[in-house]
Amino acid sequence: MANNNDEEFCKDYFELKAQEASYFDFIRIFYSSNLDKRNFFDVSIGVASTIRGFRRRWLIFISIVLQRLFFWFKNPMENLGSFMELLQNYPSFNGGFIQLFLNIFQGKVVRPEKSSEKFKSMIGNLDLRVELDKKIKIGDIRYNRHVSIMAAKLSYENEALNKTVIQKHWQMHFLGLYNFWKAYEEQYSTQAIMFQDKIEDPNLIVVAFRGTSPFNANAWITDIDLSWYELEGLGKIHAGFMKALGLQKPIGWPKQINQDQNNSNSKEFAYYKIREELKKILSKNEKAKFIVTGHSLGGALAILFASILILHEEEWLLDKLEGVYTFGQPRVGDEQFGRFMMEKLKKFDVKYYRYVYCNDMVPRLPYDDKTLFFKHFGSCLYYNSLYCGKVLEEEPNKNYFSLLWVLPKVLNGVFELIRSFILPWIKGNDYKQSWSEMIFRMVGLIIPGLSAHGPVDYVNLTRLGTNLHLPQSQGGLKQD
């Protein structure tokens, strides 16, 4: 309903409340002349007049229906995801497929334990690699981007596996895996890891936000929600991503909040806790710098983390922020937000590396057209299926859903499947793909661009891809 919002931090807003929409509302979306007065809408008076037109209503309809579906199937999705993860982990817990079959006949099957350092998530089973590429050393232009994608991939895993990989495999210092509170949904649904490079670059700290897990209904609801809030001076920003980062209800982004460290029941919010931890660690080492990274939803949270640091004028931290590295990141704000961020990132000399692999569908969402305002900003570091990169203003086929691109995307999916068998022969066993990834590639033939969003190709492009630099306007050179 128009102007019924209790938020104190913004004047203009557009909020969809999908759970309050009735079945009849699904139909009313297309003909009601007072759509802004329906219970499933909460919009400011100035925005009410903008929800006209069939195309806009059609996108609203899709968003609400998908949110409702994810909400209804939340438990079945979680159960299915848990079951599939268990199936994926049985071979590794039983010494491989052959030994698993022997254990089945002998009645000695070992059931995977989810808290074990051997247990991998569905994302982890798509790409089994945990070792950093030993050919990529500090000083190599690929180092930060490679560490970033490996950290973003690792953030999907449990604490035991994170500790093992970071401390034993990477020889780095594990600082923590955090599970953050989301005030608007009143649940813990945002995760991030932090670690410090002790060997190659002892002055580098990495923060990696977890992205969207395939069977996490709450994360998908966040991704497809079209709601936004307009922050004064910044512009319009995706409401779901801000809520996941720690938006305070109903006051927005106060510079300080009361987090009682002595109270075990005290809720921790992503932005505020990570900022606090960074200040503690960085204050002990004047030369230390940090980078922020994430894959998918995690990439959106990474760049938003930098934006709130700017909003709060955290100049000391921004001076130590070496770069933001995102992989398959969705759009997070409007054109005004983009201009604001480019100006401030240039002012504080913060590099923003937004990597997009080929037909990955997620960076092409939400829509960028006259109907919706979402737009990327900064350069797109785009890589095709041969891992040849280009610095572009925008990824090709920027809105994904185009009939002209259907056949090229399917043919590219066929090539990627064939490449899965060829690449290990050319580059070695480190590029041998798991059976889970092979199945995912086949799904990509039906839904082109879905398998392209997985971590495998993003890890590969950081190792095998063209070395790209940001344009001079963003503080870099064109490319090698």
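Cut-off values and rules
Residues numbered from 1 in each chain as written. Predicted model: local features only at pLDDT ≥ 70, side-chain atom pairs only at ≥ 80, totals over all residues. Heavy atoms only, no water. Helix = DSSP H or I, 4+ residues; strand = E, 2+ residues; numbered from the N terminus. Rg over C-alpha atoms; globule rule 2.2 N^0.38 Å. Buried < 20%, exposed > 50% of the residue type's maximum accessible area, 1.4 Å probe, protein only. Contact = heavy atoms within 4.5 Å. 1 Å grid on protein atoms, 1.4 Å probe; cavity = no way out; pocket = protein on both sides within 12 Å on 5 of 7 lines; lining within 4 Å. Points joined across faces, edges and corners; volume = space filled by probe spheres on them. Nonpolar A, V, L, I, M, F, W, Y, C, P; charged D, E, K, R; others polar. Salt bridge = Lys/Arg side-chain N within 4 Å of Asp/Glu carboxyl O. Phe/Tyr/Trp six-rings, centres within 6.5 Å; stacked < 30°, edge-to-face > 60°. Domains from an automatic or database assignment. Buried area = accessible area lost by both parts, 1.4 Å probe. Polar contact = N/O pair within 3.5 Å; in protein donor to acceptor, adjacent residues only side chain to side chain. Pairing = 2+ DSSP bridges. Axes fitted to C-alpha atoms, helices over the stretch in contact; angles between N-to-C directions. Core = buried A, V, L, I, M, F, W, Y, C linked by side-chain atoms within 4.5 Å. Parallel < 35°, antiparallel > 145°, perpendicular 65-115°, else oblique.

### Here's the deal with the overall build of the protein chain
1) Next: Looking only at helices and strands, the protein chain has 17 helices and 12 strands in total.
2) Next: Since a compact globule built from 480 residues should have a radius of gyration of about 23 Å, the 22 Å found for the protein chain is in line with a globular shape.
3) Next: If you line up the protein chain on its principal axes, its C-alpha atoms span 65 × 55 × 50 Å.
4) Next: Residues counted as buried form 58% of the 480 residues belonging to the protein chain.
5) Next: Pairs at least 24 residues apart make up 71% of the contacts formed inside the protein chain by residues separated by at least 6 positions.

### Focus on empty space enclosed by the protein
1) Next: Applying the stated criterion across every chain yields a total of 3 cavities of 30 Å³ or more.
2) Next: Taken as a whole, the largest cavity holds about 100 Å³ of empty space.
3) Next: For the largest cavity, the lining is made up of 14 residues, of which Ser189, Thr190, Gln191, Ala219 and Leu297 are closest to its centre.
4) Next: Put simply, the parts of the chain that give the lining of the largest cavity at least two residues each are strand S4 (187–197), helix H9 (217–224) and helix H12 (297–311).
5) Next: When grouped by side-chain class, the residues that make up the lining of the largest cavity number 4 nonpolar, 7 polar and 3 charged.

### What to know about the pattern of salt bridges
1) Next: Under the definition given, this model contains 23 salt bridges.
2) Next: Linking Arg331 and Glu394 is a salt bridge whose minimum nitrogen-to-oxygen distance equals 3.8 Å. Here the residue Arg331 occupies a position in the loop between strand S9 (321–327) and helix H14 (335–347), and Glu394 occupies one in the loop between strand S12 (389–392) and helix H15 (406–427), the gap between them amounting to 63 residues.
3) Next: The buried category is assigned to Arg331, whose relative accessible area is 0%.
4) Next: Here Arg354 and Glu395 are joined by a salt bridge, their closest N and O atoms 3.1 Å apart. Placement of Arg354 in strand S10 (residues 351–357) and of Glu395 in the loop between S12 and H15 is noted, with a sequence separation of 41 residues between them.
5) Next: Residue classification places Arg354 among the buried positions, given a relative accessible area of 0%.
6) Next: Beyond isolated ion pairs, a larger network of salt bridges with shared partners links Glu268, Lys273, Glu276, Glu277 and Lys280.

### Some points on the packing of aromatic side chains
1) Next: According to the stated counting rule, one finds 26 aromatic pairs in the structure shown.
2) Next: Between Tyr178 and Phe180, the ring centres sit 5.7 Å apart and the planes meet at 15°, which makes this aromatic pair stacked. Residue Tyr178 shares its accessibility class with Phe180, and that shared class is buried.
3) Next: Ring plane angle 75° and centroid distance 5.7 Å describe the contact between Trp253 and Tyr271, whose orientation is recorded as edge-to-face. A residue pair is termed long-range when its members are at least 10 positions apart, and Trp253 in the loop between helix H10 (239–245) and helix H11 (270–282) and Tyr271 in helix H11 qualify at 18 residues.

### Focus: the domain arrangement of the protein chain
1) Next: Per the domain assignment, the segments of the protein chain are domain 1 (1–109) and domain 2 (125–258 + 266–399).
2) Next: Taking only C-alpha atoms, the centre of domain 1 and the centre of domain 2 are 22 Å apart.
3) Next: Regarding the contact of domain 1 and domain 2, the summed buried area is about 2600 Å², with carbon and sulfur atoms giving 62% of it.
4) Next: If you sort the residues of domain 1 by the area they bury against domain 2, Phe9, Phe14 and Phe70 come out on top, with a joint share of 23%.
5) Next: If you look at where domain 1 meets domain 2, you find 1 salt bridge.
6) Next: A salt bridge links Lys243 to Glu15; the shortest N-O distance between them is 3.1 Å.
7) Next: At the boundary of domain 1 and domain 2, one finds 6 residue pairs in polar contact (both at pLDDT 80 or more).
8) Next: When contributions to the side of domain 1 that touches domain 2 are tallied by element, the ones reaching two or more residues are strand S1 (13–16), helix H3 (54–72) and helix H4 (74–93).
9) Next: Examining the composition of the side of domain 1 that touches domain 2, we find that 9 residues originate from one element, H3, more than from any other.

### A word on the sheet that holds strand S6 (residues 228–231)
By definition, the strands of a sheet pair up through backbone hydrogen bonds, in either a parallel or an antiparallel sense.
1) Next: Sheet architecture is open: 4 strands sit in the order S2-S1-S6-S7, paired in antiparallel fashion. Only two strands of the sheet have a single partner each, and these edge strands are strand S2 (41–43) and strand S7 (235–238). Each strand axis lies, on average, 20° off the axis of its neighbour in the sheet, ignoring direction.
2) Next: As defined by bridge partners, S1 adjoins S2 across 3 bridges and the pair is classed as antiparallel. The residue bridging Phe14 from the neighbouring strand is Val43, located in S2.

### Considering the sheet that holds S10
1) Next: In space, the 8 strands of this open sheet follow the order S3-S4-S5-S8-S9-S10-S11-S12, with mixed pairing throughout. Each edge of the open sheet carries a strand with a single partner, namely strand S3 (173–182) and S12. Across the sheet, the mean angle separating the axes of adjacent strands is 20° when strand polarity is ignored.
2) Next: Two strands pair when backbone bridges link them, and strand S11 (residues 380–383) and S12 are joined in this way by 4 bridges, in the antiparallel orientation. Residue Cys380 lies in a different strand from S12, and its bridge partner there is Leu392.

### Some points on the nonpolar core
1) Next: The biggest cluster of nonpolar side chains holds 60 residues, and the ones touching the most others in it are Phe209, Leu245, Leu278, Phe290 and Phe305.
2) Next: Split by domain, this core shows at least three residues from each of two domains, domain 1 (1–109) and domain 2 (125–258 + 266–399).
3) Next: Among all residues touching Leu245, those that are not within four sequence positions of it are Phe209, Trp253, Phe269, Ala270, Tyr271, Leu301, Leu304, Phe305 and Ile308.
4) Next: By size, the runner-up hydrophobic cluster in this structure holds 42 residues, among which are Leu161, Leu204, Ala208 and Tyr357.

### Quick look at the side chain of Asn125
1) Next: For Asn125, the location among the structural elements is in helix H6 (residues 122–126).
2) Next: Asn125 sits in the buried class, given a relative accessible area of 6%.
3) Next: A distance of 3.1 Å separates a polar atom in the side chain of Asn125 from the backbone oxygen of Lys120.
4) Next: If sequence neighbours within four positions are ignored, Asn125 has contacts with Gln88, Asn89, Lys120, Ser434 and Ser436.

### A short note on the packing of H3 against H4
1) Next: Between H3 and H4, the least distance of the axes is 4 Å, while the angle of their chain directions is 60°. The orientation of H3 with respect to H4, classified from their angle, is oblique. The residues of H4 that touch H3, namely those facing Phe70, Phe71 and Trp72, are Lys74, Pro76 and Met77.
2) Next: Residues of the contact of H3 with H4, tallied by class, amount to 5 nonpolar, no polar and 1 charged.

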